[in-house]
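These are the residues of each chain, in order.
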Amino acid sequence: LFLAIMKNPRVGQESYKTAEISLYVLPQDQPAYKVATLLLGITGRFALNCVDNMIVVHHQNSKTSMMFDICWDPTTDSNSQNIIQLSTTKMPPLVIPNFSLRNENGVRTYRPILQPMSIAPFSYEGRPCEMYSSSWVVFQPDIVIDAKLGFLWELKLSVFKLSTQMVCSKPSLVKLLLHRKNYRNTILSTLRSLITTKSADLSVIGVMFDIINSVIDNVIVTQDDMREEVFSPMLNKDELSVDYKVSIITEYIRSLRLNKLRVNYFYNEILVQLLTRSDNFYKLHQLVQFQVLGDSGPLACLLLSLAQTYEPAFLLGMDMLRRLGDDKGIGDALLSQGAVTEAVKYAGSCNKEDKLNGGRCIEEALRTGDNGLFYATYQYFKTGSKRGIENVADAETTALFLSLFNEV
């Protein structure tokens, strides 16, 4: 619960003094304490509403409203105006004198996040109603009553104006919307538009990714949301180059890892596919080697599957399996290459025979057509292995192996 106290300068004070609002928190069992100061930059008659966790201050003389977001980082630069210039407004830009704005004793100082804007006009029976009338009475959080006309309005925030007119900086728009309710779709559509039309630099896109991914638990815009609403449309646009798509996906992965978030396998997979499609194996090698692409079993298998196209991909996949401690995966990978002897030696050297598919080893040895290899492999599991030949396959398959062994 907050208490807001309006302070207008006294008559005779210096001309640079302007009105401000002090916000106090009202705990249940403790004295009230001040947490924020809102600088209005002008004087006159004011009224206050709270819309979607944003403080809206109405100024009667200018017939405009100012918005403050106390979730926003406080201004600390004494030379910063922190005011967005609008070409669509008829009002002159709000100018706040350049004096130091600091955090003192836990009290934050805020300026309006946007230039003052007027509430949308309202008409009744074809006649426009006077906005910011002297007969207005406001009630918290978002009610405005015109006592003369007998009207009651509920104040709403225009998402369309926020996304198209009111915020020229798209990262600021994303930051603003993250603190509001039910604006996930607006954030996603903004990102989708910027990315698919290439209307923002990669550095700007990266900042927006960082803002989204910095939210605790990241429950507002999830990785699945980004995949479905932003990246899938981008990937389906053939006019966008593969290099551009790679740079966007790589930037998103960077942001996820910067914020210590687990990267969904989809992003690693699509990045590998894009790089393979463009034959950019050098970049793929670098991303895997320096672990920009995080280790995972599915990614390791994907790299192994690229061995025929790019031979070093097999070693990259094997190294990833070793880092993951996936001994069974390593054995299966060696067997898939027909390296039966190497698979058996690896399992024996690290005492991981229980992780090795003995039946498959014998099958792969048989498939090579090398009778000597088949004989040695069968003999190993019959006499040299701790598991015994009867434990590597079912009874029917074991009988078949024995028959073939006797023929050899």
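Let me sum up the structure you'll find in this document. (Residues numbered from 1 in each chain as written. Predicted model: local features only at pLDDT ≥ 70, side-chain atom pairs only at ≥ 80, totals over all residues. Heavy atoms only, no water.)

Some points on a nonpolar patch on the surface
Move 1: A cluster of nonpolar residues, Leu1, Leu3, Ile5 and Leu26, forms a patch on the protein surface that exposes about 360 Å² of accessible area.
Move 2: Structurally, leucine 3 is set in strand S1 (residues 2-7). (Patch = residues over 30% accessible without salt bridge, like charges linked within 9 Å, V, L, I, M, F, W, Y side chains within 5 Å. Areas by Shrake-Rupley, 256 points an atom, 1.4 Å probe, with all protein chains shown as cover. Salt bridge = Lys/Arg side-chain N within 4 Å of Asp/Glu carboxyl O. Helix = DSSP H or I, 4+ residues; strand = E, 2+ residues; numbered from the N terminus.)

Remarks on unusual backbone geometry
Note on backbone geometry: most residues besides glycine have negative phi, and most peptide bonds are trans.
Move 1: Residue proline 141 is reached from glutamine 140 by a cis peptide bond, and omega for that bond is 5°.
Move 2: Here proline 141 shows up in the loop between strand S10 (136-139) and strand S11 (143-146).
Move 3: At tyrosine 132, a residue that is not glycine, the phi angle is positive and equals roughly 60°.

Concerning the sheet that holds S11
Move 1: Here we have 3 strands laid out as an open sheet, ordered S10-S11-S12, and antiparallel in their pairing. Of all strands in the sheet, those bounded by a partner on one side alone are S10 and strand S12 (151-154). Within this sheet the neighbouring strands show an average axis-to-axis angle of 20°, counted without direction.
Move 2: Examined bridge by bridge, S11 and S12 share 4 bridges and lie antiparallel to one another. Pairing of aspartate 146 across the sheet is with phenylalanine 151, part of S12. (Pairing = 2+ DSSP bridges. Axes fitted to C-alpha atoms, helices over the stretch in contact; angles between N-to-C directions.)

Topic: the environment of alanine 200
Move 1: Within the fold, alanine 200 resides in the loop between helix H3 (184-196) and helix H4 (202-213).
Move 2: The exposure class assigned to alanine 200 is buried, which follows from its relative accessible area of 19%.
Move 3: For the pair alanine 200 and lysine 170, spaced 30 residues apart in sequence, the C-alpha separation works out to 9.0 Å. (Buried < 20%, exposed > 50% of the residue type's maximum accessible area, 1.4 Å probe, protein only.)

Observations regarding the side chain of aspartate 225
Move 1: Among the secondary structure elements, aspartate 225 is positioned in helix H5 (residues 223-235).
Move 2: Relative accessible area serves as the criterion here: at 17%, aspartate 225 is assigned to the buried category.

Notes on the sheet that holds strand S7 (residues 108-110)
Move 1: Spatially, S1-S2-S3-S7 is the arrangement adopted by the 4 strands of the open sheet, whose pairing is mixed. On the outer flanks of this sheet lie S1 and S7, each paired with one strand and no other. Taking each pair of neighbouring strands and ignoring which way they run, the sheet shows an average axis angle of 25°.
Move 2: Relative to strand S3 (residues 33-39), strand S2 (residues 20-25) runs antiparallel, the two sharing 6 bridges. By the bridge assignment, leucine 23 is partnered in S3 with alanine 36.

Looking at the packing of H3 against H5
Move 1: At a minimum axis separation of 9 Å, H3 and H5 run at an interaxial angle of 20°. Relative to H5, the element H3 lies roughly parallel. Between H3 and H5 lies a crossing whose hand is right-handed. Contact residues: H3 offers Arg184, Leu188, Leu191, Arg192, Ile195 and Thr196, while H5 offers Asp225, Met226, Glu229, Val230, Pro233 and Met234.
Move 2: For the contact of H3 with H5, the per-class residue count stands at 7 nonpolar, 1 polar and 4 charged. (Parallel < 35°, antiparallel > 145°, perpendicular 65-115°, else oblique. Left-handed = near helix turned anticlockwise from the far one by under 90°. Contact = heavy atoms within 4.5 Å. Nonpolar A, V, L, I, M, F, W, Y, C, P; charged D, E, K, R; others polar.)

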